[in-house]
Amino acid sequence: MNTQRIQPKSKVDGEIAVPSSKSYAQRAIALAGLNKNSTRIKHLTSSSDVIAAKAVIEELGAKFVSSENEIILSKGIDFNQNNELSINCHESGLSTRLFSAFSLLFPQNFQVYGSGSIQQRTMEMVISGLEEFGKKVSSKNSKLPLDISGEIQNQMVEIDGSISSQFLTGLLITSPFLVQDTHIKVHNLKSIPYVDMTIELMESFGLKVAHNNYENFYIKGNQSIANQIEYTVEGDWSAASFHIVAAAIGGKMELTGLMQNSLQGDRAILDAVKTAGANVFWKEDRLNIEQNEILPFTFDATECPDLFPPLVVLAAFANGKSTMKGVRRLEHKESNRGITLQKELAKVGVVIDLNDDEMIIHGKGRPEIQEELVFSSYNDHRIAMAMSLFSIGNKNDLYIENPLAIEKSYPDFYNDFLTI
Ligand SMILES: O=C(O)C1=C[C@@H](OP(=O)(O)O)[C@@H](O)[C@H](O)C1
Ligand SMILES: C=C(OP(=O)(O)O)C(=O)O
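Residues numbered from 1 in each chain as written. Chains lettered and ligands numbered in written order. Predicted model: local features only at pLDDT ≥ 70, side-chain atom pairs only at ≥ 80, totals over all residues. Heavy atoms only, no water.

With that settled, consider the site of ligand 2. The full set close to ligand 2 counts 14 residues, and Lys 22, Gly 93, Arg 121, Arg 382 and Lys 408 are the nearest of them. The contact in question runs from an oxygen atom of ligand 2 to an N or O atom on the side chain of His 381, over 3.2 Å. Here ligand 2 loses 97% of its free accessible area of 290 Å² to cover by the protein chains. Looking at the shell around ligand 2, the elements with two or more residues in it are α3 (93–100) and α11 (381–388). Split into classes, the residues belonging to the shell around ligand 2 amount to 1 nonpolar, 4 polar and 9 charged. Two domains each donate at least three residues to the shell around ligand 2, and these are domain 1 (3–19 + 235–418) and domain 2 (22–232). (Near = heavy atom within 4 Å. Polar contact = N/O pair within 3.5 Å; in protein donor to acceptor, adjacent residues only side chain to side chain. Areas by Shrake-Rupley, 256 points an atom, 1.4 Å probe, with all protein chains shown as cover. Helix = DSSP H or I, 4+ residues; strand = E, 2+ residues; numbered from the N terminus. Nonpolar A, V, L, I, M, F, W, Y, C, P; charged D, E, K, R; others polar. Domains from an automatic or database assignment.)

In structure tokens:
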């Protein structure tokens with residue numbers, strides 16, 4: 001069995017430079033692909049989702065040189081090719097849903113496929129959204145691969161945003177490059193901070209979007225990116241959340257590379273750990289977290305669903321019942337994270353009740369790790385990273401099965417975690 005051993009840590013104490021945001025990086029790579037001028041993106045983390053986005057724009061004809069943490073595009077996507085197009089988005093939900101919207105920019109057949117867990121995740125919002133534009137989409141059970149064809153016939157569309165915001169991100173990024181203006185009506189949008197991130201980045205590339213209350217989005221067509229762009233990707237609050245929780249349950253930590261006023265919704269991790277008792281303070285741009293009494297807490301993660309895995313571990317270390325809202329947002333991630341967390345926490349004797357959109361975690365103070373305990377990652381990076389935190393304050397080694405899942409967002413996670 002392919003496993004990673006995590007040795008027990010009596011406490012954590014250290015400094016970590018957090019990796020850069022894969023969400024911003026993928027958006028920037030997509031926008032760079034649409035820039036006729038050159039674009040330089042700095043401070044990239046070579047996670048597999050970022051590598052996937054780079055490969056997609058290359059498949060679409062962009063030319064670039066790239067090193068581990070930087071990409072310089074001399075030429076964007078080639079719109080003058082007539083051949084059928086096929087893009088491999090690997091395991092990235094964001095790249096899959098975002099680049100599916102690029103099919104609107106091409107009249108020819110456009111295939112979208114991927115690998116791993118993304119093949120099991122629904123593309124319903126992409127299929128019905130593209131059909132609203134008049135495209136034809138063929139698929140099996142609303143899953144990848146998608147075969148997209150036909151011309152755009154409609155510029156006023158209605159889409160569903162309740163399962164994911166990612167296709168809306170794709171439409172927002174694509175629409176300025178269509179010939180006509182686009183009006184997108186979105187029903188029940190969730191993960192709104194991710195849409196703010198999209199709009200922020202579009203604006204920094206010189207593109208305009210208007211919306212009223214995240215319900216109607218208006219995008220003028222025939223826009224272009226007028227300049228050479230140089231963009232530095234900020235630190236990833238989602239990746240940082242694991243270290244923030246590590247400090248809250250077992251010591252102290254200083255994190256660098258995070259923007260204090262970031263639009264990333266996962267910055268809300270600070271509110272959650274403060275409610276759970278941790279001390280949080282900034283020394284200039286360095287975030288400090290210190291353990292205190294660990295209190296049960298209530299937190300609504302509807303708009304920041306990726307915080308569930310680390311926060312469930314924090315709740316497990318608190319003595320008493322914590323309540324988290326937003327469980328419905330977890331069904332369509334790399335694993336069905338509500339169920340996954342329930343199964344894995346049962347291994348340390350922590351009971352999780354799942355009641356519709358609400359999760360109750362019956363914290364145990366300090367859950368004990370039995371000898372030779374193996375956590376399944378379900379090939380889900382956030383589950384692998386979250387389960388590693390059970391090593392803190394414990395006596396026995398623990399093991400993570402399919403540990404390399406972490407490469408999806410944070411390839412250096414185990415190395416970094418070892419140093420604290
Ligand atoms: O736009 C993005 O970068 C993301 C949006 C969120 O997905 P949903 O919009 O599907 O909730 C989040 O869970 C994912 O990790 C990254
Ligand atoms: C859900 C995630 O990403 P994506 O949807 O882009 O695959 C994630 O990173 O937790």
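Next up on the list: the nonpolar core. Membership of the largest hydrophobic core comes to 72 residues, with the highest contact counts inside it found for Phe 99, Phe 102, Leu 172, Ile 184 and Phe 217. Looking at this core element by element, the count peaks at 7 residues for helix α1 (residues 22–33). In this structure Phe 217 touches Leu 168, Leu 172, Thr 182, His 183, Ile 184, Val 186, Leu 189, Val 195, Ile 199, Val 209, Ala 210 and His 211, once residues within four positions along its chain are discounted. (Core = buried A, V, L, I, M, F, W, Y, C linked by side-chain atoms within 4.5 Å. Buried < 20%, exposed > 50% of the residue type's maximum accessible area, 1.4 Å probe, protein only. Contact = heavy atoms within 4.5 Å.)

In terms of domain boundaries, the protein chain breaks down into domain 1 (3–19 + 235–418) and domain 2 (22–232). Relative to domain 2, the C-alpha centre of domain 1 lies at a distance of 30 Å. Our count for the domain 1 to domain 2 interface comes out at 2 salt bridges. Across the salt bridge formed by Arg 121 and Glu 334, the nearest N and O atoms sit 3.9 Å from each other. For the pair domain 1 and domain 2, the interface holds 9 residue pairs in polar contact (both at pLDDT 80 or more). Here the side of domain 1 that touches domain 2 is built from residues that sort into 5 nonpolar, 8 polar and 10 charged. (Salt bridge = Lys/Arg side-chain N within 4 Å of Asp/Glu carboxyl O.)

Moving on to the UniProt feature "active site" (unreviewed entry) in the protein chain. Mapped onto this numbering, the UniProt entry annotates "active site" (unreviewed entry) at Asp 306. Classification of Asp 306 as buried rests on a relative accessible area of 13%. Those residues in contact with Asp 306 that sit more than four places away from it in its chain are Tyr 194, Asp 266, Lys 333, Arg 337 and Arg 382. Polar side-chain contacts of Asp 306 include one of 3.4 Å to the side chain of Tyr 194. (UniProt positions renumbered as here; feature names shortened; annotations may be inferred.)

For the structure on display, the rule yields 18 salt bridges. Between Asp 306 and Arg 337 there is a salt bridge, with the nearest N and O atoms lying 3.6 Å from each other. One end of the pair, Asp 306, is in the loop between β18 (298–300) and α9 (308–317); the other, Arg 337, is in helix α10 (residues 337–346), with 31 residues separating them in the sequence. Across this residue pair, the class does not change: Asp 306 and Arg 337 are buried.

To continue, consider the site of ligand 1. What surrounds ligand 1 is a group of 13 residues, the closest being Ser 23, Ser 164, Ser 165, Ser 191 and Asp 306. Within the side chain of Ser 191, one N or O atom sits 2.7 Å away from an oxygen atom of ligand 1. Starting from 390 Å² of accessible surface for ligand 1 in isolation, the protein chains cover 96%. Here the shell around ligand 1 is composed, by residue class, of 4 nonpolar, 5 polar and 4 charged. Two domains each donate at least three residues to the shell around ligand 1, and these are domain 1 (3–19 + 235–418) and domain 2 (22–232).

Right, let's talk about the sheet that holds strand β15 (residues 251–256) for a bit. By definition, the strands of a sheet pair up through backbone hydrogen bonds, in either a parallel or an antiparallel sense. One open sheet holds the 4 strands; their spatial order is β2-β15-β17-β16, and the pairing between them is mixed. Strand pairing shows two members of the sheet lacking a second neighbour, β2 (12–17) and β16 (279–283), which therefore form its edges. Averaged over all adjacent pairs, the angle separating strand axes in this sheet is 15°, with direction ignored. Sheet analysis places β15 next to strand β17 (residues 286–290), joined by 4 bridges and oriented antiparallel. Bridging across to β17, Glu 254 finds its partner in Asn 288. Against the sheet, helix α7 (residues 237–250) contacts β2, β15, β16 and β17, and its axis sits at roughly 155° relative to β15. (Pairing = 2+ DSSP bridges. Axes fitted to C-alpha atoms, helices over the stretch in contact; angles between N-to-C directions.)

On to unusual backbone geometry. Cis geometry marks the peptide bond from Leu 144 to Pro 145; its omega dihedral reads -5°. Structurally, the position occupied by Pro 145 is in strand β9 (residues 143–149). The backbone of Glu 372 shows a phi angle near 65°, a positive value even though the residue is not glycine. Inspection of the secondary structure assignment puts Glu 372 in the loop between β21 (358–364) and β22 (373–376). The exposure class assigned to Glu 372 is exposed, which follows from its relative accessible area of 57%. Here the phi dihedral of Tyr 378 falls at roughly 55°; this positive angle occurs in a residue that is not glycine. Checked against the element boundaries, Tyr 378 lands in the loop between β22 and α11. A relative accessible area of 32% places Tyr 378 in the partly exposed class.

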